Every structure is written in structure tokens, then in C-alpha cells.
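Letter by letter, the chains look like this.
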Amino acid sequence: DVKVTQSSRYLVKRTGEKVFLECVQDMDHENMFWYRQDPGLGLRLIYFSYDVKMKEKGDIPEGYSVSREKKERFSLILESASTNQTSMYLCASSFSGGFTDTQYFGPGTRLTVL
Amino acid sequence: GENVEQHPSTLSVQEGDSAVIKCTYSDSASNYFPWYKQELGKGPQLIIDIRSNVGEKKDQRIAVTLNKTAKHFSLHITETQPEDSAVYFCAASMGGGGADGLTFGKGTHLIIQP
């Protein structure tokens, strides 16, 4: 079974803090993704990575950065957290080279910025 | 790029009745269409998928149909049960394992009334 884990289920931070969200997958997937999920807006792609040290901007990258130093780990960084970044953050991974693009999701991190 | 529209945003059905969720996509090159179910407090989980060389696929009480000419696909759930209550997302991609693969719809909140 594919397993995607996220470091925290719930996180509360203050405005201006630097925030790290960690994601680990155990299926040797090449591709990893960070989404945020807000009511009525669905899943919006923040950043993705198709290889170690590689990253690509998604639809809403502003205010975020990412790091992928190892294949199994993909980190999302909020350089200076703001209240409008309060959201559910979902990490996903997928296999590169197959016919399908099935993504496997972690349980999510609900971040509140005060 | 691909655009996926999903309707309705909320669907309430009586337990035991059928539920249908519909999606349309814009890119005729898309050929892989997964459906995800997200229960409260969890990440989305793949429940069924279909490829463009197939018109219909069934798995017990759930089925997906695809009309490539009209560029729409639907999720059908029969004999609905309380555990079917969740948010459902459709998605589309061109397959091939590309890192930027899936485009998601905005989700349907399915409510099963006892």
C-alpha cells in the first residue's frame, strides 16, 4: 500500500512566523505535489516536483517555497505566514512513467495562522 | 491547459437512492479520469478510474461512464449508504505519468439522508 505521511495533522502559528510542512512517501514515487484546499475552491496546486532538487510552480505559488533534497521527502515552506494562508494543506505523490497519473494523498495538515 | 467543471456542488439523497455526479473537461487529449472520495478529516482517496478506451467501468455499487465525444464523465453510486457521505472530486489528465498530470474539479459534497 502506498503511504504518504504528513508531519502534523494540526498546526497553529502566528503571523510572520516561518512554517515548515513536511511530507514523506514510501513508494519511491518520482512526482510529489503540494495543494491547498479551501471550501468552494477545491484543490489548488501550489508547487510540484518531478525529481530530487527539481520544483515547478503550480497555480498559486505566491508566499510559498518548497524543498526536495531526498526523493521521498517534499517540504512546503511559508516564509512569513499570513492569516490568508490558513487552510488545509495536502501532499500527494505519483509514479512517473506509467499510463495513469493516479495521485496518492496524505491525511492533510490543517494550518491556522493567528 | 485542461479545465474540469463538476456539478452539483452539493447533492442530498435519501439512503438507498442513487446519486450521480457529473464532470466535463475541455482538453480532448485527456485520456485518464479518476474519482476521489474525501471523508471528513482525511485526504482524498482514489475510488475508481477510467481510461479513454473504455466507456463504462463498475466496481460493486459505484460506476463511472465516459463520453469522449461530449467530453463528459459521470460517477454513479447506487443503493447509497450513510458511509457514502463525503466530498467527491473528479479529475482528468493526459496520462503518461507527467508530473503536472491531474486537473481536479471543485468537488461535490454528497449528503446521505437517513
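Our subject is the structure that appears above.
We now turn to the structure provided with this report. (Residues numbered from 1 in each chain as written. Chains lettered and ligands numbered in written order. Predicted model: local features only at pLDDT ≥ 70, side-chain atom pairs only at ≥ 80, totals over all residues. Heavy atoms only, no water.)

Between chain A and chain B, the contact holds 24 residues from the first and 25 residues from the second. Both sides of the chain A and chain B interface together cover about 1900 Å² of buried area, and 57% of this is carbon and sulfur. Here chain A is connected to chain B by zero salt bridges. In this assembly, chain A and chain B are joined by four residue pairs in polar contact (both at pLDDT 80 or more). (Contact = heavy atoms within 4.5 Å. Buried area = accessible area lost by both parts, 1.4 Å probe. Salt bridge = Lys/Arg side-chain N within 4 Å of Asp/Glu carboxyl O. Polar contact = N/O pair within 3.5 Å; in protein donor to acceptor, adjacent residues only side chain to side chain.)

Our next topic: the pattern of salt bridges. Across all of its chains, the model carries nine salt bridges over all chains by this definition. In this structure, the salt-bridge partner of Arg36(A) is Asp38(A), at a minimum N-O distance of 2.8 Å. In this structure, Arg36(A) and Asp38(A) share a single accessibility class: buried. Close ionic contact of Asp84(B) with Arg61(B) constitutes a salt bridge, the shortest N to O distance being 2.9 Å. Taken as a pair, Asp84(B) in the loop between β8 (72-77) and β9 (86-92) and Arg61(B) in the loop between β6 (56-59) and β7 (62-67) lie far apart in primary sequence, 23 residues in all. Given a relative accessible area of 6%, Asp84(B) falls into the buried group. For Arg61(B), a relative accessible area of 22% puts it in the partly exposed group. Each of the salt bridges in this network shares a partner with another, and the network as a whole consists of Arg36(A), Asp38(A) and Arg44(A). (Buried < 20%, exposed > 50% of the residue type's maximum accessible area, 1.4 Å probe, protein only. Helix = DSSP H or I, 4+ residues; strand = E, 2+ residues; numbered from the N terminus.)

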